[in-house]
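Listed here are the chains, written in short residue letters.
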Amino acid sequence: MEDFQTARKYAAAITLSKKLTRRNFQTVICATLAEAKEHALQAINPTKTVGFGGSLTVAASGLIPALYERGQKIIDRERTTTPEARHQVMRQALTADYFLTSINGIAETGELVNVDNIGNRVAALTFGPEKVLAFVSMNKVYGTLETTLERVRNQTAPLNSWRLNLKDTPCIKTGNCGNCLKPECICNTIAITRRSPVPERIVIYLILEDAGI
């Protein structure tokens with residue numbers, strides 16, 4: 001990345017960090033995903049349990065394999081073999097000491113915006129695990145709250161529908177959200193987290209490197 005682009009992103013991250021701090025979120029500014037991974041490895045107690053939701057950003061960081069390598073106890077839905085077992089493990093992840101996730105979008109005012117299918121990711125963010133570690137690239141900071149909601153609904157959600165190989169939602173057919181009620185709909189819960197009631201429970205790694213969708 002060009003130096004001037006990095007400098008602008010860093011300045012924007014500093015500004016956003018102050019707004020997030022006022023909302024009781026803890027922030028860590030990282031130049032790269034690799035740096036965020038190292039910060040998280042140091043922050044996570046090796047004797048505690050870790051759960052996670054579906055996140056391309058967390059997966060791309062390599063954090064989960066690194067946790068396995070050091071013998072971390074992980075509540076891992078990806079190692080189940082049936083839908084019933086997967087659902088049960090997702091419920092168990094809400095009792096983990098740490099939960100790893102990303103955020104679909106952050107408003108420049110500091111609110112977190114997420115669209116969720118089953119709701120496990122939003123549930124963990126709002127209540128359950130003692131600590132939530134969220135990996136968020138600065139390319140997910142979209143402007144006003146209204147703009148952020150629009151971008152998450154009409155850009156992020158359709159991209160995730162394509163990633164998940166859905167077949168019958170309007171966004172698959174047109175590329176844009178149709179505000180549908182289809183069985184395949186992944187926009188069943190739309191959540192705005194405007195403040196953390198527990199100070200510094202939610203740690204947001206603001207990553208200057210582009211990552212995720």
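Residue numbering note: each chain is counted from 1, following its sequence as written. The model is predicted, so local features are restricted to residues of pLDDT at least 70 and side-chain atom pairs to those at 80 or more, both for listing and for counting; the totals for chains, interfaces and linings are taken over all residues. Note that water and hydrogens are dropped before the side-chain values are worked out from all heavy atoms of the structure.

Visitor: Even after reading the chapter, I still don't get the overall build of the protein, so can you show me in this structure?
Guide: Looking only at helices and strands, the protein has 8 helices and 10 strands in total. C-alpha atoms define the radius of gyration, and 2.2 Å times the number of residues to the power 0.38 defines the globule rule. Over its C-alpha trace the protein gives a radius of gyration of 17 Å, about what one expects of a compact globule, namely 17 Å for 213 residues. Judged by the C-alpha coordinates and their principal axes, the protein covers about 40 × 40 × 35 Å. The 213 residues of the protein split such that 47% are buried. Surface summary for the protein: the accessible area is close to 10700 Å², and the carbon and sulfur share equals 52%. This count recognises Lys and Arg as positive and Asp and Glu as negative, with His and chain-terminal groups excluded. For the purpose of locating charges, the reference atoms are NZ of Lys, CZ of Arg, CG of Asp and CD of Glu. Side chains of the protein carry 26 positive and 20 negative charges; the gap between the two charge centres is 5 Å. Counting from the N terminus, the helices are DSSP H or I runs at least four residues long and the strands are E runs at least two residues long. Three labels apply to residues, based on accessible area from a 1.4 Å probe with only protein chains included: buried if under 20% of the type maximum, exposed if over 50%, partly exposed otherwise in between. In these tables, accessible area is a Shrake-Rupley quantity obtained with a 1.4 Å probe, and a residue counts as shielded only by the protein chains included in the view.

Visitor: I tried to follow the packing of aromatic side chains on my own but got confused; where do I start?
Guide: For any pair of aromatic rings, the description rests on two quantities: the centre-to-centre distance and the angle between the ring planes. Between 30 and 60 degrees the pair is tilted, below 30 it is stacked and above 60 it is edge-to-face, where a pair is any two Phe, Tyr or Trp rings, Trp via its six-membered ring, whose centres lie within 6.5 Å. One pass over the full model with this rule turns up 1 aromatic pair. Criterion for a charge above a ring: Lys NZ or Arg CZ within 6 Å of the ring centre, and within 35 degrees of the ring normal. Arg 79 extends its terminal NZ or CZ atom over the ring of Tyr 68, reaching a point 4.0 Å from the ring centre.

Visitor: Would you take a moment to explain the side chain of Arg 121 for this structure?
Guide: If you trace the backbone, Arg 121 turns up in helix 6 (residues 120-126). The term salt bridge refers to a pairing of a side-chain nitrogen on Lys or Arg with a carboxyl oxygen on Asp or Glu at a separation within 4 Å. Although buried, Arg 121 forms no salt bridge, and the nearest oppositely charged side chain, Asp 116, lies 4.0 Å from it. Polar contacts, as used here, are pairs of N or O atoms within 3.5 Å; protein pairs need one atom able to donate a hydrogen and one able to accept it. Residues neighboring in sequence count only if both atoms are side-chain atoms. At a separation of 2.6 Å, a polar atom in the side chain of Arg 121 contacts the side chain of Asn 114. What makes two residues a contact is simply this: any of their non-hydrogen atoms within 4.5 Å. Excluding residues that lie within four positions of it along the chain, Arg 121 makes contacts with Gly 54, Phe 99, Thr 101, Ser 102, Asn 104, Asn 114, Val 115 and Asp 116.

Visitor: Just to check I follow, could you spell out the state of the cysteines for this structure?
Guide: Disulfide: a covalent bond connecting the sulfur atoms of a pair of cysteines. When the sulfur atoms of two cysteines come within 2.5 Å, that pair is taken as a disulfide. A complete count under the given rule lists 0 disulfides for this structure. With no disulfide of its own, Cys 177 has Cys 187 as its nearest cysteine by sulfur position, at a separation of 5.3 Å.

Visitor: In this structure, what is going on with the UniProt feature "domain: LUD" (unreviewed entry) in the protein? I would like to understand it.
Guide: Mapped onto this structure's residue numbering, the UniProt feature "domain: LUD" (unreviewed entry) falls at residues 17-207. Taken end to end, residues 17-207 is 37% helix and 24% strand, and its first and last C-alpha atoms sit 11 Å apart. UniProt positions are given in the numbering used here, feature names are shortened, and annotations may be inferred rather than shown by experiment.

Visitor: Can you walk me through the sheet that holds strand 5 (residues 105-107) in this structure?
Guide: Across a sheet, strands are paired by hydrogen bonds formed along the backbone, either parallel or antiparallel in direction. Judged by pairing direction, the sheet is mixed, and its 4 strands sit side by side in the order 8-5-6-9 without closing on themselves. Only two strands of the sheet have a single partner each, and these edge strands are strand 8 (141-143) and strand 9 (189-193). The mean inter-strand angle of the sheet, taken between neighbouring strand axes irrespective of direction, is 30°. Pairing between strands is defined by DSSP: at least two bridges between them are needed. Sheet analysis places strand 6 (residues 112-116) next to strand 9, joined by 5 bridges and oriented antiparallel. Of the residues in strand 9, the one forming a bridge with Val 115 is Ile 190. Orientation is described by axes fitted as lines to C-alpha atoms, over the contacting stretch for helices, and by angles from 0 to 180 degrees between their N-to-C directions. Helix-sheet contacts for helix 7 (residues 145-163) involve strand 5, strand 6, strand 8 and strand 9, and the interaxial angle to strand 8 is about 125°.

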